[in-house]
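Examining the three-dimensional arrangement
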Amino acid sequence: MAPTFLQAVTVLLLTSVAHVQAETHTIRFDNQCGQGTPILILGGQIVSNGSEYSTSGNALSGIAYVGECGFNGEGCSLIEFTLNNPICVGCGSSADISLIPPHAFNVPTTFSYFNGCDGQGATCNSATCNTAFFKSDDNQVQVGCQTDNVGLLVSFCTEGSSSASASSATPSSNEPTIFRTPVVTPQSATPTT
Ligand SMILES: *[C@@H]1O[C@H](CO)[C@@H](O)[C@H](O)[C@H]1NC(C)=O
C-alpha cells in the first residue's frame, strides 16, 4: 500500500528533526608548551580550561588561546572558529588564526579538522607566518570545511603536528607542516572580538 500523504509528511518531519538533533561538534586541545592552560570561550564565557568540549544539536562558534593573555586572547595568538553543518553551498565551518592587534604571536599554534576534512587546517609558527590574519581582509587564511559534524583539534607548541591521533613516540622532522587550502569564500567572518 502506498504511504498516505500524512504518513509521508510525518516521515519527513521526523527525518528533519533527527537531522537537526544529530548535529554535533567537538573541540579538542593538545598543549605541548609545557605550561599554560588552553582557554576556550563561547559566547563570552570560559567553557573549557583545556579539556574536550562538545555540543550536540547546534553549531559551535568561539575562540581559543593559551598563555598569559587577556580574556579575549589579547597579546596572544588567537584561534577563531565556527563549526556548523552547511545548509548552503560553501557556508559550512570556518576556522582561522588571528594576529590582528591587540592579538600577537605568542606560541606556535595549529588547528586542524577531524571527523571530516581530516588534517586540513593551518599552522602559524612565527610572528611573520603567512597563515594568520594580520589585517581584517586577509580572508585567504580562513580554512573552510563543508562536511557535517566536524570537530577541531587546537594544538599549541606542536611544530605543525596536526594529526588528531599524533603519536609522541615517533619523532618527526623539525620542518613545520603548513596546510594550505584553496581560498574559501568567507561566510560572515567572525571578526576578532
Ligand atoms: C577554568 O578555571 C577557572 C580558574 O581556575 C575556574 O574558575 C573555572 O571554573 C574553570 N572553568 C571550567 C569550565 O572548567
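If you're wondering where the values come from, they're calculated on a predicted model, not measured in any experiment.

Moving on, we get to the overall build of the chain. A count of helices and strands for the chain gives one helix and 11 strands. Its helices and strands in sequence order give the chain the pattern α-β-β-β-β-β-β-β-β-β-β-β, from N to C terminus. Looking at the chain residue by residue over its 193 residues, the buried ones come to 40%. Pairs at least 24 apart in sequence give 66% of the contacts found in the chain among residues at least 6 apart. Just so you have it, the chain exposes about 10,000 Å², and 57% of that area is on carbon and sulfur atoms.

A word on the sheet that holds strand E1 (residues 24-31). As summarised here, the arrangement of the five strands in space is E4-E1-E11-E8-E9, forming an open sheet in which the pairing is mixed. Every other strand in the sheet has two partners, leaving strand E4 (53-56) and strand E9 (121-124) as the edge strands with one partner each. Each adjacent strand pair in this sheet contributes to an overall mean axis angle of 10°, direction not counted. In this structure, strand E8 (residues 109-114) lies alongside strand E11 (residues 151-156), joined through six bridges in antiparallel fashion. Counterpart to Phe114 in the pairing with E11 is Gly151.

A separate point is the nonpolar core. The biggest cluster of nonpolar side chains holds 28 residues, and the ones touching the most others in it are Ile27, Phe81, Leu83, Phe111, Tyr113, Leu152 and Val154. With residues near it in sequence (within four places) discarded, Val154 still touches Ile27, Arg28, Phe29, Asp30, Ala64, Ile79 and Thr110. Ranked by size, the runner-up nonpolar core spans five residues in total, among them Ile39, Ile41, Ile63 and Leu78.

This part covers the site of the ligand. Near the ligand you find Ile46, Val47, Ser48 and Asn49, and these make up its full shell. A distance of 2.3 Å is found between an oxygen atom of the ligand and a side-chain nitrogen or oxygen belonging to Asn49. When the residues that make up the shell around the ligand are grouped by side-chain class, the tally is two nonpolar, two polar and no charged.

One pass over the full model with this rule turns up five disulfides. The disulfide partner of Cys33 is Cys157, and the gap between their sulfur atoms is 2.0 Å. Across the S-S bond linking Cys33 and Cys157, the dihedral sits near 90°, which makes this disulfide right-handed. Of the two residues, Cys33 is situated in the loop between E1 and strand E2 (39-42) and Cys157 in the segment after E11; the sequence distance between them amounts to 124 residues. The residue that forms a disulfide with Cys88 is Cys91, at a sulfur-sulfur distance of 2.1 Å. Should the bonded cysteines of the chain be numbered as they appear in the sequence, the pairing reads 1-10, 2-3, 4-5, 6-9, 7-8.

Conventions we followed
Residues numbered from 1 in each chain as written. Predicted model: local features only at pLDDT ≥ 70, side-chain atom pairs only at ≥ 80, totals over all residues. Heavy atoms only, no water. Helix = DSSP H or I, 4+ residues; strand = E, 2+ residues; numbered from the N terminus. Buried < 20%, exposed > 50% of the residue type's maximum accessible area, 1.4 Å probe, protein only. Contact = heavy atoms within 4.5 Å. Areas by Shrake-Rupley, 256 points an atom, 1.4 Å probe, with all protein chains shown as cover. Pairing = 2+ DSSP bridges. Axes fitted to C-alpha atoms, helices over the stretch in contact; angles between N-to-C directions. Core = buried A, V, L, I, M, F, W, Y, C linked by side-chain atoms within 4.5 Å. Near = heavy atom within 4 Å. Polar contact = N/O pair within 3.5 Å; in protein donor to acceptor, adjacent residues only side chain to side chain. Nonpolar A, V, L, I, M, F, W, Y, C, P; charged D, E, K, R; others polar. Disulfide = S-S within 2.5 Å.

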